[in-house]
Amino acid sequence: MRASPNIIVTGTPGVGKTVHCEQLAQETGLRHLSINQIAKERNCNESYDEELQTWVVDEDKLLDAIEDEVTRGGYLIDWHACDLFPKSWIDLVVVLRCTSTAIHYDRLKSRGYGETKLQENLDSEIFGVLLEEAQEAFDEDIVIELNSEEDGDVETNCGRISAWIDAWKRDHANDTA
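Note that the structure is a prediction, hence the values are computed from the model and not measured.

Caption draft 1: Looking closely at the overall build of the protein chain. For the protein chain, the helix and strand inventory stands at 7 helices and 7 strands. Along the protein chain, helices (α) and strands (β) appear in the sequence β-α-β-α-β-β-α-β-β-α-α-α-β-α when read from the amino end. For a compact globule of 177 residues, the expected C-alpha radius of gyration is about 16 Å, and the protein chain comes in at 16 Å, within 12% of that figure. On the principal axes, the C-alpha backbone points of the protein chain span a range of 55 × 35 × 30 Å. Here the protein chain, with 177 residues, has 47% of them falling under the buried criterion. In the protein chain, of all internal contacts separated by at least 6 residues, the share reaching a separation of at least 24 is 74%.

Put into structure tokens, the structure is as follows:
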């Protein structure tokens, strides 16, 4: 059994996954695992999508690259998808949402996203695609949706997730003894 939980922090680009994970890592001691960074560092990309201007990840290679670490626990997994991870690895799935199209548009535009990529991500957020994927891939009691639009949302969300981590550790203290 793991001494610390694994948490996926997911959502469309621009919702604050990395900001949340970095703050949570500082507050909780869990390790921030940026899947984009891992895919680059461990050569898990299979091709480049010119239209969307993004790398396509070889999911099997990625899972093989992180399995030994993640199965030990204590990770905040930062990525825009969650349905590829085995259920047995994950204790909580946090889906960050930015339902204000204007705010989300500005965030993506400031990243220099081209129109095709920008529109695809806005559509995904509007239709709640990543929330639906999370709800289909994991048990509903471990999937939570949190708003990430206002300045105070990061603090509030991280406080809520930190409290969940503390409760998880208390509930599982005897599992590792």
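Caption draft 2: Looking closely at the environment of histidine 104. Along the chain, histidine 104 falls in helix 4 (residues 101–110). Separated by 18 residues in sequence, histidine 104 and leucine 122 place their C-alpha atoms 7.2 Å apart. The residues touching histidine 104, leaving out its near neighbours within four places in the chain, are Thr12, Pro13, Gly14, Val15, Cys98, Asn121, Leu122 and Glu125. One polar contact links the side chain of histidine 104 to the main-chain carbonyl oxygen of proline 13, over a distance of 2.8 Å.

Caption draft 3: Structural context of a nonpolar patch on the surface. On the surface, a nonpolar cluster with roughly 300 Å² of combined accessible area is contributed by Ile126, Phe127 and Val129. Along the chain, the position of isoleucine 126 falls in helix 5 (residues 115–126).

Caption draft 4: Expanded view of the pattern of salt bridges. In the structure shown here, the tally under the stated rule is 6 salt bridges. A salt bridge links aspartate 139 to lysine 87; the shortest N-O distance between them is 3.5 Å. Residue aspartate 139 is located in the loop between helix 6 (129–137) and strand 7 (143–147), and its partner lysine 87 is located in the loop between strand 5 (75–78) and strand 6 (92–97); the two are separated by 52 residues in the primary sequence. Classification of lysine 87 as partly exposed rests on a relative accessible area of 49%. Ionic contacts of the salt-bridge type, sharing partners, join the residues Arg97, Glu125 and Glu145 into one network.

Here is what the cut-offs are and how they apply
- Residues numbered from 1 in each chain as written.
- Predicted model: local features only at pLDDT ≥ 70, side-chain atom pairs only at ≥ 80, totals over all residues.
- Heavy atoms only, no water.
- Helix = DSSP H or I, 4+ residues; strand = E, 2+ residues; numbered from the N terminus.
- Rg over C-alpha atoms; globule rule 2.2 N^0.38 Å.
- Buried < 20%, exposed > 50% of the residue type's maximum accessible area, 1.4 Å probe, protein only.
- Contact = heavy atoms within 4.5 Å.
- Polar contact = N/O pair within 3.5 Å; in protein donor to acceptor, adjacent residues only side chain to side chain.
- Patch = residues over 30% accessible without salt bridge, like charges linked within 9 Å, V, L, I, M, F, W, Y side chains within 5 Å.
- Areas by Shrake-Rupley, 256 points an atom, 1.4 Å probe, with all protein chains shown as cover.
- Salt bridge = Lys/Arg side-chain N within 4 Å of Asp/Glu carboxyl O.

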